[in-house]
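Structural overview for review
Here's the letter readout for the chains.
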Amino acid sequence: MHIVLLGCPGAGKGTQSKILAARHGIAHIATGDLFRAEIAAKSPIGLKVADYLKSGTLVPDSVVVEMVAGKLDAEGKGWLLDGFPRTLEQAQALDKYLAQSGGRIDLVMYLNMPDGVVLKRLTGRRSCEKCGELYNLESRPSQAEGKCDKCGGDLKQREDDSEATVRKRLMVYEDLTRPLVAYYRSEQVFHEIDGNQSAEKVTHALVDCIEATEVKR
Ligand SMILES: [Zn+2]
């Protein structure tokens, strides 16, 4: 089973990916983790990536695809991609790569939420200054406003989660994702899942989708 999970920021894509991969016995391939592992191992591709990150430039599609492709080869039992592809170019390169090796994507799921909800979730994130515990004004509020349940420390918002920064991130995300979604939507394997419901319900919807696809295969 070869799955791509797309999702807007704040939709809980990383958490859901882990649950699904464990449940279905397939590899969870998260590009962010791959980057970190290759850099830590000082592999040839890791050194390349580290150079790009140091200079503050985006890692080129060709390098990302090379890295992910190397990983896919090693995973015979199936995989779920989380955080990749991020652009139309990456999606096309992935299809080309899979076609060469006789594989294909069985299912693309897109975890979507209305902008207003994403904004609320992301700007609602707070973390404890003292112990780092994470909270969310929406989904996981602390018992006393502004204070950590565990240690009583002050809760702060990260600069990344300010409304202006989140709006900017969403704009960049949408610009990249719109063509990607259009590309996958034209294929039969595309499913959109409502991310604006409890995490358990989202997991259910994703599992249903995977099981329906398994039956068809
Ligand atoms: Zn704390």
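Residues numbered from 1 in each chain as written. Predicted model: local features only at pLDDT ≥ 70, side-chain atom pairs only at ≥ 80, totals over all residues. Heavy atoms only, no water.

**A few points about the coordination of the zinc ion**
Each donor-metal-donor angle in an ideal tetrahedron of four donors is 109.5 degrees, and each such angle in an ideal octahedron of six donors is either 90 or 180 degrees. Under the convention used in this document: Only nitrogen, oxygen and sulfur atoms qualify as donors, and only when within 2.8 Å of the metal (3.2 Å in the case of Na, K and Ca); with water excluded, sites may look incomplete. Sites are called tetrahedral only when four donors show all angles between 85 and 135 degrees, square planar or octahedral only when four or six donors show opposite pairs over 155 degrees and all other angles between 65 and 115, and irregular in any remaining case. A helix here means a DSSP run of H or I that spans at least four residues, while a strand means a run of E at least two residues long, and both kinds are numbered starting from the N terminus. Only protein chains enter the accessibility calculation, which uses a 1.4 Å probe; a residue is then buried when its area is under 20% of its type maximum, exposed when over 50%, and partly exposed in between.
Donor atoms from the polypeptide that bind the zinc ion are Cys-128 (SG), Cys-131 (SG), Cys-148 (SG) and Cys-151 (SG), placed at 2.3 to 2.4 Å. Coordination at the zinc ion is tetrahedral, judged from the four donor atoms that bind it and the angles of 98 to 117° they form at the metal. Each donor residue of the zinc ion lies on the same chain, and together they follow the pattern C-x2-C-x16-C-x2-C. With Cys-128 in strand β5 (residues 125-128) and Cys-148 in the loop between β6 (134-136) and β7 (155-156), the pair connects residues that are 20 residues apart, well separated along the chain. On the basis of relative accessible area, Cys-128 is assigned to the buried category, the value being 4%. Judged by its relative accessible area of 5%, Cys-148 falls in the buried class.

**Some points on helix α5 (residues 88-100)**
The following threshold applies: Expected span of a helix: the number of residues minus one, times 1.5 Å. Directions drawn from the helix axis to the C-beta atoms are what define this arc. Should any heavy atoms of two residues lie within 4.5 Å, those residues are counted as being in contact.
If you check α5, its first and last C-alpha atoms are 19 Å apart, about what 13 residues at 1.5 Å a residue would give, namely 18 Å. Among the residues of α5, those classed as buried are Gln-90, Ala-91, Leu-94, Tyr-97 and Leu-98. All buried residues of α5 project into a common sector of 125° when viewed along the axis, lining one side. Those residues of α5 that are exposed and angled more than 90 degrees off the buried face are Lys-96, Ala-99 and Gln-100. Against α4 (61-73), β3 (79-82) and α7 (163-185) lie the buried residues of α5. Within two residues after α5, Gly-102 carries a phi angle of roughly 75°, on the positive side.

**Let's talk about the nonpolar core**
Formally: Nonpolar cores are built from buried Ala, Val, Leu, Ile, Met, Phe, Trp, Tyr and Cys residues. Side-chain atoms within 4.5 Å join them into one set.
Grouped together as the largest cluster of nonpolar side chains are 56 residues, with contacts concentrated most on Leu-81, Met-109 and Tyr-184. Each residue touching Met-109, except ones within four places of it in the same chain, is listed here: Ile-3, Val-4, Leu-5, Leu-6, Leu-20, His-191, Ile-193, Leu-206, Cys-209 and Ile-210.

**Structural notes on the environment of Ser-17**
Along the polypeptide, Ser-17 turns up in helix α1 (residues 13-24). For Ser-17, the contacting residues outside a window of four places in its chain are Leu-5, His-28, Leu-80 and Asp-82.

**As for the pattern of salt bridges**
Basically, it comes down to this: Any Lys or Arg side-chain nitrogen located within 4 Å of an Asp or Glu carboxyl oxygen qualifies as a salt bridge.
In this structure the tally under the stated criterion is 15 salt bridges. A salt bridge links Asp-161 to Arg-169, with the shortest nitrogen-to-oxygen separation between them at 3.7 Å. For Asp-161, a relative accessible area of 3% puts it in the buried group. One salt-bridge network, in which partners are shared between bridges, spans Arg-125, Arg-158, Asp-160, Asp-161 and Arg-169.

**A closer look at the packing of aromatic side chains**
For any pair of aromatic rings, the description rests on two quantities: the centre-to-centre distance and the angle between the ring planes. Let me state the cut-off plainly: For Phe, Tyr and Trp, where Trp contributes only its six-membered ring, two rings pair if their centres lie within 6.5 Å, and the inter-plane angle classes them as stacked under 30 degrees, edge-to-face over 60, or tilted in between.
Applying the stated criterion to the full structure yields two aromatic pairs. Here Tyr-110 and Phe-190 contribute two aromatic rings whose centre-to-centre distance is 6.2 Å and whose plane-to-plane angle is 40°, an arrangement assigned as tilted. Taken together, the positions of Tyr-110 in strand β4 (residues 107-112) and Phe-190 in strand β8 (residues 190-194) put the pair 80 residues apart, joining distant regions of the chain. As far as the burial class goes, Tyr-110 and Phe-190 line up, both buried.

**With respect to the environment of Ala-93**
Checked against the element boundaries, Ala-93 lands in helix α5. Taking C-alpha positions, Ala-93 is 9.8 Å from Ala-69, a pair spaced 24 residues apart along the chain.

Such coordinate-based values are descriptive only and should not be taken to indicate function.
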